Protein chains: 2
Amino acid sequence: MNKKQVTLKDVARLAGVSTATVTRVLRNESLVTEKTRKRVEQAIQQTGYRINIVAQGLRARQTKTIGHILQGTAPNPFFIGVALGAEQEALYHGWSILAFNVQHDPERERSGVETFIQRRVDAILFTTPLCEENVRIALEAGLMVIQVERPTALSTPTVTADNYAGTVEAIEHLITLGHRRIAYLGEIPPGPAERKAQPYRNRIEHERFAGYCDTLAHHQIPLDIELIILDRFYTSADNGLSAGYHAMQKLLRSGKRPDAVFATSDIIAAGVLQALYAVHLSIPEDISVVGFDNTYSPYLSPPLTTVEQPMEQMGRAAVQMVIRHFQQHQQEEPTHIRLTTRLVVRGSTGPRKRLS
Amino acid sequence: MNKKQVTLKDVARLAGVSTATVTRVLRNESLVTEKTRKRVEQAIQQTGYRINIVAQGLRARQTKTIGHILQGTAPNPFFIGVALGAEQEALYHGWSILAFNVQHDPERERSGVETFIQRRVDAILFTTPLCEENVRIALEAGLMVIQVERPTALSTPTVTADNYAGTVEAIEHLITLGHRRIAYLGEIPPGPAERKAQPYRNRIEHERFAGYCDTLAHHQIPLDIELIILDRFYTSADNGLSAGYHAMQKLLRSGKRPDAVFATSDIIAAGVLQALYAVHLSIPEDISVVGFDNTYSPYLSPPLTTVEQPMEQMGRAAVQMVIRHFQQHQQEEPTHIRLTTRLVVRGSTGPRKRLS
DNA sequence: CTGAAAGCGCTAACAC
DNA sequence: GTGTTAGCGCTTTCAG
């Protein structure tokens, strides 16, 4: 281990040229004779030289590294999807990603930002910033910042998904199948005041709930508060699995069983399926279930119909913004990318077969 | 963006000392007067100085960065678990992890190794090396290498799990519940020749299958080849989900339904549950199911009994080896860490209630 | 077309 | 105790 590293100087010496010339060959610059180039390339081969990106980074004051702050890859695969997309895209451009799972802890988010600054990343992706202050710190350190999924009010480029359209599509699907009593299990949407204060922050909850309400209204189906269960699903210890279970139990106890359930994450939906399994109800014969995300859905019994979030694309788009920013050196206005969701129909939804 | 970075020199100037003194304060060395230290600390505060780890790394020829090559976090959460553990442990010591998902592609694994070398990581973790050649390249570049889960024959430190004991525990559990006809769904184990050639490589498959056979033998239950389905589950497109489904269908068609099914991953088990759901069999009343990994298991219906792999611990252990190696400078023999699994009993296993 | 040399930001050896 | 300085490996003027 730790044999002596081959440096540019070694290559130069072997090729009988200066280090400047070696650099020129490496960077494919034109002002080198074919003969010298050959000689240098041979020397590179012989020595097994590998460029030192650390030294390059120091010199260029650019590390081609992006820091990615995630709320936690485990157990919610949503974040994995985004991370994977970001990684692939970065790779493609010769960049790297430094990831940091903060597991909903603002302290850790803070220390992630600090680490990234010290490591001189060129940009930070927040896949859901927890704390506006931490975004500000990154910005003040002169870093490019991209906010993904739930941006704060700070002005940076953002990448979000169109949750409204996705929800509408799901509810329409259920209505088309003949369902009328459609339950909604989701995070508490923001009130009007909250929405004013943080227009983007809680947009997801607002859009999902609004999509539900609007679609029912559009079909003259009255809202039934007994069918609406709003809770803090996402931040509970198991990301809403047991909360989904209990919510479904509550719906079953209430007497008038719903025709269908729309849950705003696959994890919540997984809890719903468990509750239905426990009382031997059949899906979709007795009740249809729709999830959101397309993470756990393929693995459940039956495979779950769900609104797919474009996770990988979200990661890719964020990284593309970074790369583009560093390619064209002029300052441009923060871009806001909004990607579309897609309904994936599987076995958990169908026409009602039996009467309740 | 890109305001001028504050450097040591700036701090030194403001504090009216030399850069060496600032370094001494930063590294908490003793040979500084309390007064100077105060002054320097104030200057650091005022300027908002943050150490430049890139420059540090160049100088020290140590980046405090670990490259982590994974087969793919999506969709198998096993890798996420390992990655998360590695990340946490690294963080704790002020190190960072650069991750690279290679998705079972040896080319990508190769390019991951090259990237890591160029970025001058201090060590590479392979969570399942794909290709021995790539491990060798890393070793030849003078990097510390740790092989996790399925080491090649190359001599490096390794981290593995005791798959034999885990399997024995699971089968014992099923036998205790009164089951006799226990099916085995798993990867094809190596033949004796293969085992000789690559003693560690296919150890997992061998251990799991041997654990199954030995436990049955121990209870005088004869092996029934109709109950054993060996296949290339792990490398199929969906990690064995549909293969698990079809394997279960085949078992059901064969007439003599098994009392219980042992699947060597939660994903395969998820496919098994789907097949059972489709024919309206009840779990565990009609048949018990056990998985492996403890990844998807909590989300399935019913929640799956499974053999938990110590994923996070595996990641942590690997990183700890790296840190320890760089703390104590002497060369030591490669360590081999073997962690234990744990049976997590949930709702998918129970005494047989009905007769088939 | 090629080379010499300065400097990116930090640290450690050596001098005072 | 504190300062001076060389140098980690690379790139980029500026000369030649």
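Residues numbered from 1 in each chain as written. Chains lettered and ligands numbered in written order. Predicted model: local features only at pLDDT ≥ 70, side-chain atom pairs only at ≥ 80, totals over all residues. Heavy atoms only, no water.

Looking at the overall build of chain A
- Secondary structure assignment for chain A yields 13 helices and twelve strands.
- Each principal axis of the C-alpha atoms in chain A carries an extent, and together these give about 90 × 40 × 35 Å.
- Counting the 356 residues in chain A, one finds 56% classified as buried.
- Intrachain contacts of chain A at a sequence separation of at least 6 include 70% that bridge at least 24 residues.
- Counting every atom, chain A has about 15500 Å² of accessible surface; 51% of that belongs to carbon and sulfur. (Helix = DSSP H or I, 4+ residues; strand = E, 2+ residues; numbered from the N terminus. Buried < 20%, exposed > 50% of the residue type's maximum accessible area, 1.4 Å probe, protein only. Contact = heavy atoms within 4.5 Å. Areas by Shrake-Rupley, 256 points an atom, 1.4 Å probe, with all protein chains shown as cover.)

Describing the UniProt feature "domain: HTH lacI-type" (unreviewed entry) in chain A
- UniProt annotation of "domain: HTH lacI-type" (unreviewed entry) refers to residues 6-60 of chain A when read in the numbering used here.
- Spanning residues 6-60 of chain A, this segment combines 69% helix with 0% strand, and its end C-alpha atoms are found 20 Å apart. (UniProt positions renumbered as here; feature names shortened; annotations may be inferred.)

Here's the deal with the interface of chain B and chain A
- Opposite the 64 residues of chain B that make contact, chain A presents 64 residues.
- Of the roughly 5800 Å² buried where chain B meets chain A, counting both sides, 55% is carbon and sulfur surface.
- Applying the counting criterion to the chain B and chain A interface returns two salt bridges.
- Across the salt bridge formed by Arg50 of chain B and Glu114 of chain A, the nearest N and O atoms sit 2.9 Å from each other.
- Inspection of the region where chain B meets chain A yields 30 residue pairs in polar contact (both at pLDDT 80 or more).
- Sorting the residues of the side of chain B that touches chain A by element identifies α4 (53-60), α5 (77-92), β2 (96-101), α6 (106-118), α7 (132-140) and α12 (266-278) of chain B as the ones contributing at least two each.
- Take the side of chain B that touches chain A: its biggest share by element is six residues, from β2 of chain B.
- Considering only residue class, the side of chain B that touches chain A consists of 35 nonpolar, 20 polar and nine charged. (Buried area = accessible area lost by both parts, 1.4 Å probe. Salt bridge = Lys/Arg side-chain N within 4 Å of Asp/Glu carboxyl O. Polar contact = N/O pair within 3.5 Å; in protein donor to acceptor, adjacent residues only side chain to side chain. Nonpolar A, V, L, I, M, F, W, Y, C, P; charged D, E, K, R; others polar.)

Describing a positive patch on the surface
- Taken together, the side chains of Lys4 and Lys9 of chain A together with Arg59 and Arg61 of chain B define a basic patch exposed on the protein surface.
- In this structure, Arg61 of chain B sits in the loop between α4 and β1 (65-70). (Patch = residues over 30% accessible without salt bridge, like charges linked within 9 Å, V, L, I, M, F, W, Y side chains within 5 Å. Lys, Arg positive; Asp, Glu negative; His and termini not counted. Charge placed at Lys NZ, Arg CZ, Asp CG, Glu CD.)

Focus on the protein's contact with DNA strand D
- Surveying the vicinity of DNA strand D reveals 25 residues, the closest of which are Leu8, Tyr49 and Arg59 of chain A together with Arg24 and Thr33 of chain B.
- Within 4 Å of the protein, the contacting atoms of DNA strand D are drawn from sugar and phosphate to the extent of 62%.
- Within the backbone of Asn52 of chain A, a nitrogen or oxygen atom sits 3.3 Å from a phosphate oxygen of DNA strand D.
- In the model, a phosphate oxygen of DNA strand D is placed 2.7 Å from a nitrogen or oxygen of the Thr21 of chain B side chain.
- Going through the elements one at a time, α2 (19-26) and α4 (53-60) of chain A together with α2 (19-26) and α4 of chain B are the ones with two or more residues in the surface near DNA strand D.
- Its residues placed into classes, the surface near DNA strand D shows nine nonpolar, ten polar and six charged. (Near = heavy atom within 4 Å.)

Notes on the protein's contact with DNA strand C
- For DNA strand C, the set of nearby residues contains 25 residues, the closest of which are Arg24 and Thr33 of chain A together with Leu8, Tyr49 and Arg59 of chain B.
- Within 4 Å of the protein, the atoms of DNA strand C are drawn from sugar and phosphate moieties in a proportion of 66%.
- Contacts to DNA strand C include Arg61 of chain A, whose side-chain N or O atom sits 3.0 Å from a sugar or linking oxygen.
- Between DNA strand C and the protein, one listed contact pairs a base nitrogen with a backbone N or O atom of Ala55 of chain B at 3.5 Å.
- At the level of secondary structure, the elements contributing two or more residues to the surface near DNA strand C comprise α2 and α4 of chain A together with α2 and α4 of chain B.
- Take the surface near DNA strand C: its biggest share by element is four residues, from α2 of chain B.
- Across the surface near DNA strand C, the residue classes break down as nine nonpolar, ten polar and six charged.

Concerning the side chain of Asp10 of chain A
Residues and elements named next belong to chain A.
- Note that Asp10 resides in helix α1 (residues 8-15).
- In terms of polar contacts, Asp10 uses its side chain to reach the backbone amide nitrogen of Thr7, at 2.8 Å.
- In contact with Asp10, not counting residues within four places along its chain, are Lys4 and Gln5.

Notes on helix α3 (residues 34-47) of chain B
Residue and element names in this part refer to chain B.
- When the terminal C-alpha atoms of α3 are compared, their 20 Å separation across 14 residues agrees well with the 20 Å that a helix rising 1.5 Å per residue should span.
- Of all the residues in α3, the buried ones are Thr36, Arg37, Val40, Ala43 and Ile44. Down the axis, α3 shows its buried residues gathered within 125° of arc, on one side only. Among the exposed residues of α3, those pointing more than 90 degrees away from its buried face are Lys35, Lys38, Gln42, Gln45 and Gln46.
- Its buried side turned inward, α3 meets α1 (8-15) and α2.
- Remark: Gly48 follows α3 within two positions and exhibits a positive phi of approximately 70°. (Expected span 1.5 Å × (residues − 1). Arc of directions from axis to C-beta.)

Thoughts on the relation of the copies chain B and chain A
- Superposing chain B onto chain A takes a rotation of 180° combined with a translation of 0.0 Å along the rotation axis, leaving an RMSD of 0.1 Å. Here the two chains are linked by the operation of a two-fold rotation axis.
- When the interface residues of chain B are mapped onto chain A, 100% of them again lie at the interface, so the same face is used by both copies. (Least-squares fit on C-alpha atoms with pLDDT ≥ 70 in both.)

Describing the environment of His206 of chain B
All names here are of chain B.
- Among the secondary structure elements, His206 is positioned in helix α10 (residues 203-218).
- Classification of His206 as partly exposed rests on a relative accessible area of 25%.
- A C-alpha to C-alpha distance of 17 Å links His206 and Thr235, two positions 29 residues apart in sequence.
- The contacts of His206, once residues within four sequence positions are left out, are Pro189, Pro190 and Arg195.

Observations concerning the domain arrangement of chain A
- Split into domains, chain A comes out as domain 1 (3-55), domain 2 (65-160 + 311-339) and domain 3 (161-310).
- The straight-line distance from the C-alpha centre of domain 1 of chain A to that of domain 3 of chain A is 60 Å. (Domains from an automatic or database assignment.)

A short note on the pattern of salt bridges
Residues and elements named next belong to chain A.
- Scanning the model with the defined rule gives 31 salt bridges over all chains in all.
- With its nearest N and O atoms 3.3 Å apart, the salt bridge here joins Asp162 to Arg338. On the criterion of sequence distance, the pair formed by Asp162 in the loop between β5 (158-161) and α8 (163-176) and Arg338 in strand β11 (residues 336-339) is long-range, its members being 176 residues apart.
- Accessibility expressed as a relative area gives 19% for Asp162, which makes it buried.
- Its relative accessible area of 33% is what places Arg338 among the partly exposed residues.
- Note that Glu312 is salt-bridged to Arg316, the shortest N-O span being 3.8 Å. On the criterion of helical spacing, the pair formed by Glu312 and Arg316 is a turn pair, its members being four residues apart in helix α13 (residues 311-327).
- Judged by its relative accessible area of 37%, Glu312 falls in the partly exposed class.

A closer look at the pairing of strand β8 (residues 260-263) of chain B
Residues and elements named next belong to chain B.
- Of the two faces of β8, the one lined by Ala260 and Phe262 and the one lined by Val261 and Ala263 are each fully buried.
- Here three bridges tie β8 to strand β9 (residues 288-293), and the two strands are oriented parallel to one another. Along β9, the bridge assignment pairs Val261 with Val289.
- As a crossover connection, the stretch from β8 through α12 into β9 is right-handed. (Pairing = 2+ DSSP bridges. Right-handed = clockwise from strand over helix to strand, strands pointing away.)

Some words on the nonpolar core
- Within the largest apolar cluster, 95 residues are counted, with the highest numbers of intra-cluster contacts made by Leu185 and Tyr212 of chain A together with Leu185 and Tyr212 of chain B.
- In this view, Tyr212 of chain B contacts Thr167, Ile171, Ile182, Ala183, Tyr184, Leu223, Leu227 and Ile228 of chain B; residues no more than four positions away in its chain are not counted.
- Core analysis: the next-biggest nonpolar cluster, separate from the first, contains 34 residues, Ala138 and Val145 of chain A together with Phe116 and Ile124 of chain B among them. (Core = buried A, V, L, I, M, F, W, Y, C linked by side-chain atoms within 4.5 Å.)

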